[in-house]
Amino acid sequence: LITTPSWTWHDHYNNGDRPVIWLDGLDVRLVGIGRMLGEEFSKDQQPREKAIGFSGKTLGHVKPSWLKSEHRTPPFRYPWADTWETLQALRESEVEPDPYDGYHLTYTHPVTGGPTLPTFACELQLLPSKLTTESHRHVSSTIYQVFRGSGTTVIDGERLEWSQGDIFVVPPWKWHHHENQAEGDAILFSMDDWPSLEALGLYREEVKSS
């Protein structure tokens, strides 16, 4: 996962011989409530002035005391190896998964420790084989991308079957649960706008009583 926060120069290029495909998530509709600003860079590519992985090395758990980020939300890279190690640690320690979302992780803000970005959170959940979660609903919208495996999400009674590479949405305030009836794990990456709603005092969540 790589973030390109608001008001940071960014450009993409591929020096390899194979295509690169990624899921791009934007908060442009929310940002549009104010004055939309944009500025073209003076060159095709910006010069690289910092070492590779600079943010990760200086804004992680061990930080230089005298350096502060020039951005309220700095560009940041979350390596998959770290995410996978967290999932493995939970399972090896026999931690019970969340009843509504399985093993559910949030990519935290490197400076504040809060949600990934001020406007939306990036999250990931692992659904072990044969797991059916309990049903809940929330006022935020969630966009899912299937990172691994296959399964089904039931939204207000409608069954959405998904497999690796698929994208689906859970709209606000819809009862939903996930099912993984396959032999292997299923992993879902998601982007959710709950931080925006929570900041406005509007976030609500409800679980179905058994």
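It should be emphasised that the depicted structure is a prediction, and the values quoted were computed from it without experimental measurement.

Quick notes on the rules
Residues numbered from 1 in each chain as written. Predicted model: local features only at pLDDT ≥ 70, side-chain atom pairs only at ≥ 80, totals over all residues. Heavy atoms only, no water. Pairing = 2+ DSSP bridges. Helix = DSSP H or I, 4+ residues; strand = E, 2+ residues; numbered from the N terminus. Phe/Tyr/Trp six-rings, centres within 6.5 Å; stacked < 30°, edge-to-face > 60°. Buried < 20%, exposed > 50% of the residue type's maximum accessible area, 1.4 Å probe, protein only. Lys NZ or Arg CZ within 6 Å of the ring centre and 35° of its normal.

**A few points about the pairing of strand E9 (residues 158–163)**
Move 1: In the sheet, strand E8 (residues 150–155) pairs with E9 via six bridges, with the strands oriented antiparallel. Paired with isoleucine 155 across the two strands is glutamate 158, which belongs to E9.
Move 2: Linking E8 to E9, which pair antiparallel, is a turn of two residues; within it aspartate 156 sits at a positive phi near 45°.

**Points about the packing of aromatic side chains**
Move 1: Under the counting rule described, the total for this entry stands at eight aromatic pairs.
Move 2: Taking the centre distance of 6.4 Å and the plane angle of 55° together, the rings of tyrosine 107 and phenylalanine 189 count as tilted. Residue tyrosine 107 is located in the loop between strand E3 (103–106) and strand E4 (121–127), and its partner phenylalanine 189 is located in strand E12 (residues 186–192); the two are separated by 82 residues in the primary sequence.
Move 3: By relative accessible area, which is 13% here, phenylalanine 189 ends up buried.
Move 4: Both rings, one in tryptophan 162 and one in phenylalanine 168, keep their centres 6.1 Å apart while their planes meet at 10°; by these two values the pair is stacked. For the pair shown, tryptophan 162 and phenylalanine 168 are each scored as buried.
Move 5: Put simply, the rings of Phe76, Tyr78, Tyr107 and Phe189 touch in pairs and so form one group of aromatic residues.
Move 6: Sitting over the ring of tryptophan 84, arginine 148 keeps its end group 5.4 Å from the ring centre.
Move 7: In this structure, lysine 208 is placed above the aromatic ring of tryptophan 175, and the distance from its NZ or CZ to the ring centre is 5.1 Å.

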